[in-house]
Amino acid sequence: MEKIYRVVVERCIACGKCELACAFAHGSEGKPSKTRINIFKRGPELGTPVVCFQCDDAACAAVCPTEALVRNEKTGAIEMVRERCISCRMCVAACPFGNMLWDETYHCVQKCDLCGGDPKCVPFCPTHALEYLPAGEAARKPEPLAWASPSK
Amino acid sequence: MISLSVNGKTVRVPEGTRLLDAIRGAGFDVTTLCDHPALEPWGGCRLCLVDVTRKEWDGWCKMVVSCMFPAEDGLVVLTDTERVQRTRRVVADLLLARCPDTPLVQKVAARLGVERTSYAPNPEPTDCILCALCTRVCDHIGVSAIASVNRGAGREIAPPFHDAPPDCIGCLACAEICPTSCIPYETSDGSRTIWGKTFEMLRCTRCGRAHVTKEEARHFAARTGVPESYFDLCDACKREDMAKQFTRLSEGARTSP
C-alpha cells in the first residue's frame, strides 16, 4: 500500500462537497443521499466524515458468499466485483460500522473503493479534512493548517 | 497451461478453465442466459453450444455446452459454424415461443436471427426463462427455499408444494438476480412479501427503520457466529455511532497534552 486515505475530523466543516463528489463519481445521479461517504453534523459547520475503513480482517469480505469483495493489493481497498455480486445484502448487515450501503436506485451495494487509487472526494475537500497521502506522511499527526490558524 | 484453438486462433489457458471462458478470453462473443460468474455453471439455457473437434477425429465433431465443458489441450473449437447457429436458433425459437413478450428473450432471439417464433406461442406467456439463477443463488447462500419442479412444458420454479416456503429468509437475492425481473415481491414499511410468505422486519432499536427480516438476522447470525443482537442497529445508526466515536477521539487528541 503506497498511499493512505486519511480523515482529519477536526478539519471537517460539513460542507458536503465530498458527498456530492462521491455521488457524481459513482453514477448515483448526483444524489447526495447515495454517497459512500457520509458526514455527521456535530455542531454548526462541524462534521465527522464516516467512510469505509477498508478493514484488514473485513466482515463484509468474510461474509460474502460469492467472493465479490476483493482486496486491491495496490490501493489496499476492498473492491466490489459487480459481476459476482448477487445482491444478498449480507455485507450490509455484516459491516459493524454501517459502511456498506444498499442503493435502492441501482439495486446494488455501494462501498468506498478509493476510486481505484484516485479518491474523487479528496480534491473537493476545501479544508484538507480528507487527504490521500504517501504511507509515511499519513502516520504523522496533522498540524493545524497555516491559513486556518488564528495567529497568522 | 494448455493450448487450444478457437475459431483458428490459438489460446493458452490454465488447466480446468471452462471452455466458455477460454472462448471469451480469445475475444469471441457467446450469448448466454443462465451463466453467472459467481455461481456454478449449470448448462440450462443451451445457448453457449459450440462444436468441438480434434485433428485426429477426421472431421467428426460434437456439440457441447461450453459453460460446462472443460477446455482440453489440443481441442479445436468452432463457435459459429452453420450447425451451431442453426441449433442456437432452435433454442431461441423455443424460448421465444415460451416467453413471447419478454424483452430480454426478444433481444437475444433477434441477435441470433429469430424475429418471431415458428412454434405455437405459449397460451400462457411467462417471463420465466427457467435459467435457474434464482434457485442456484438460493442454494449458494445456503437456504435452498425454492427449486425447479415438474418436467417438460410443465416445468416451473416454485417453493415446495407451492406453499409459503418455510426455509425462505426473505433476502430477495432471487428477485434481484432474475434477468427478466419476473419474481414478484412487495416491500412496505415493516414487512416484505415474496413467494407467498410475508416477513416481519426487524426495526432499528434507535431510529425505528425496518432494515432486515427476522429470518435474515437468524440466518446471518448462524452463518457468522455473531449474536442476533448484532442487528439491533441499522447501518445508518452504526455509522452515527462511528462518527460519535471519531468525534470523541478527536476531542481527546486536542485536549491531551
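Because the structure is a prediction, the values reported are computed rather than measured. (Residues numbered from 1 in each chain as written. Chains lettered and ligands numbered in written order. Predicted model: local features only at pLDDT ≥ 70, side-chain atom pairs only at ≥ 80, totals over all residues.)

Colleague: For this particular structure, what's the right way to read the overall build of chain B?
Modeller: Looking only at helices and strands, chain B features seven helices and eleven strands. Relative to a compact globule of 257 residues, whose C-alpha radius of gyration would be 18 Å, chain B shows 25 Å and is clearly more extended. By principal-axis analysis of the C-alpha atoms, chain B measures approximately 80 × 55 × 30 Å. The proportion of buried residues among the 257 residues of chain B is 33%. Residue pairs at least 24 apart in sequence account for 53% of intrachain contacts in chain B once pairs closer than 6 positions are excluded. (Helix = DSSP H or I, 4+ residues; strand = E, 2+ residues; numbered from the N terminus. Rg over C-alpha atoms; globule rule 2.2 N^0.38 Å. Buried ≥ 20, exposed ≤ 12 C-beta atoms within 10 Å, placed from the backbone. Contact = placed C-beta atoms within 7 Å.)

Colleague: How should the interface of chain A and chain B be read in this particular structure?
Modeller: A common measure of how large an interface is: the accessible area buried when the components associate. Residue-level contacts link 29 residues of chain A with 25 residues of chain B. Elements with a contribution of two residues or more to the side of chain A that touches chain B: strand S2 (38-43), strand S3 (46-50) and helix H3 (90-94) of chain A. Residue contributions to the side of chain A that touches chain B peak at four residues, all from H3(A). Here the residues of the side of chain A that touches chain B are counted per class, giving 17 nonpolar, seven polar and five charged. (Nonpolar A, V, L, I, M, F, W, Y, C, P; charged D, E, K, R; others polar.)

Colleague: Would you mind going over helix H1 (residues 17-25) of chain A with me for this structure?
Modeller: Residues separated by three or four positions in an α-helix point in the same direction, a consequence of the helix having 3.6 residues per turn. Residues and elements named next belong to chain A. Within H1, burial applies to Cys18, Glu19, Ala21, Cys22 and Ala23. On its buried face, H1 is in contact with S2, S3 and strand S8 (130-134). At the exit of H1 stands Gly27, carrying a positive phi of roughly 60°.

Colleague: Just checking my understanding: could you explain the pairing of strand S1 (residues 2-6) of chain B for this structure?
Modeller: As a general feature of sheets, a regular strand has side chains that alternate between the two faces. Residue and element names in this part refer to chain B. In terms of strand pairing, S1 meets strand S2 (residues 9-13) through five bridges, oriented antiparallel. Among the inter-strand pairings, Ile2 is bridged to a residue of S2, identified as Val13. Once S1 ends, the chain turns through two residues before running back antiparallel as S2, passing Asn7 with a positive phi of about 50°. Relative to strand S5 (residues 76-78), S1 runs parallel, the two sharing two bridges. Each residue of the ladder has a partner; that of Ser5, found in S5, is Val76. (Pairing = 2+ DSSP bridges.)

Colleague: How should I be thinking about the environment of Lys3(A) in this particular structure?
Modeller: For Lys3(A), the position within the fold is in strand S1 (residues 3-7). Non-local contacts of Lys3(A), meaning those with residues more than four positions away in its chain, are made with Tyr132(A), Leu133(A), Pro134(A) and Ala135(A).

Colleague: What am I meant to see in the environment of Arg12(B) here?
Modeller: All names here are of chain B. Considering the arrangement of structural elements, one finds Arg12 in strand S2. Along the backbone, Arg12 and Ala210 are 198 residues apart, and their C-alpha atoms lie at a distance of 51 Å. Filtering out sequence-adjacent residues up to four positions away, Arg12 remains in contact with Met1 and Ser3.

Colleague: Even after reading the chapter, I still don't get the domain arrangement of chain B, so can you show me in this structure?
Modeller: Residue and element names in this part refer to chain B. Each assigned domain of chain B is listed with its residue range as follows: domain 1 (2-80) and domain 2 (133-239). For domain 1 versus domain 2, the separation of C-alpha centres amounts to 35 Å. Every contact between the two is made by six residues of domain 1 and, on the other side, five residues of domain 2. Grouping the amino acids of the side of domain 1 that touches domain 2 by side-chain chemistry returns four nonpolar, one polar and one charged. (Domains from an automatic or database assignment.)

Colleague: I tried to follow the confidence of the model for chain B on my own but got confused; where do I start?
Modeller: Predicted coordinates in regions of low pLDDT should not be interpreted in detail. Confidence in the prediction of chain B, expressed as mean pLDDT, is 93, and 98% of residues score 70 or more. Predicted complex, confidence summary: ipTM 0.86, pTM 0.88. (pLDDT = per-residue confidence, 0-100.)

Colleague: Got a minute to help me understand the sheet that holds strand S4 (residues 62-65) of chain B in this structure?
Modeller: Residues and elements named next belong to chain B. Here we have five strands laid out as an open sheet, ordered S2-S1-S5-S3-S4, and mixed in their pairing. A strand with exactly one partner marks an edge of an open sheet, and here the two such strands are S2 and S4. Along the sheet, successive strands turn relative to each other by an average axial angle of 35°, direction set aside. Helix H2 (residues 82-98) contacts strand S3 (49-53), S4 and S5 of the sheet and is inclined by roughly 150° relative to S3. (Axes fitted to C-alpha atoms, helices over the stretch in contact; angles between N-to-C directions.)

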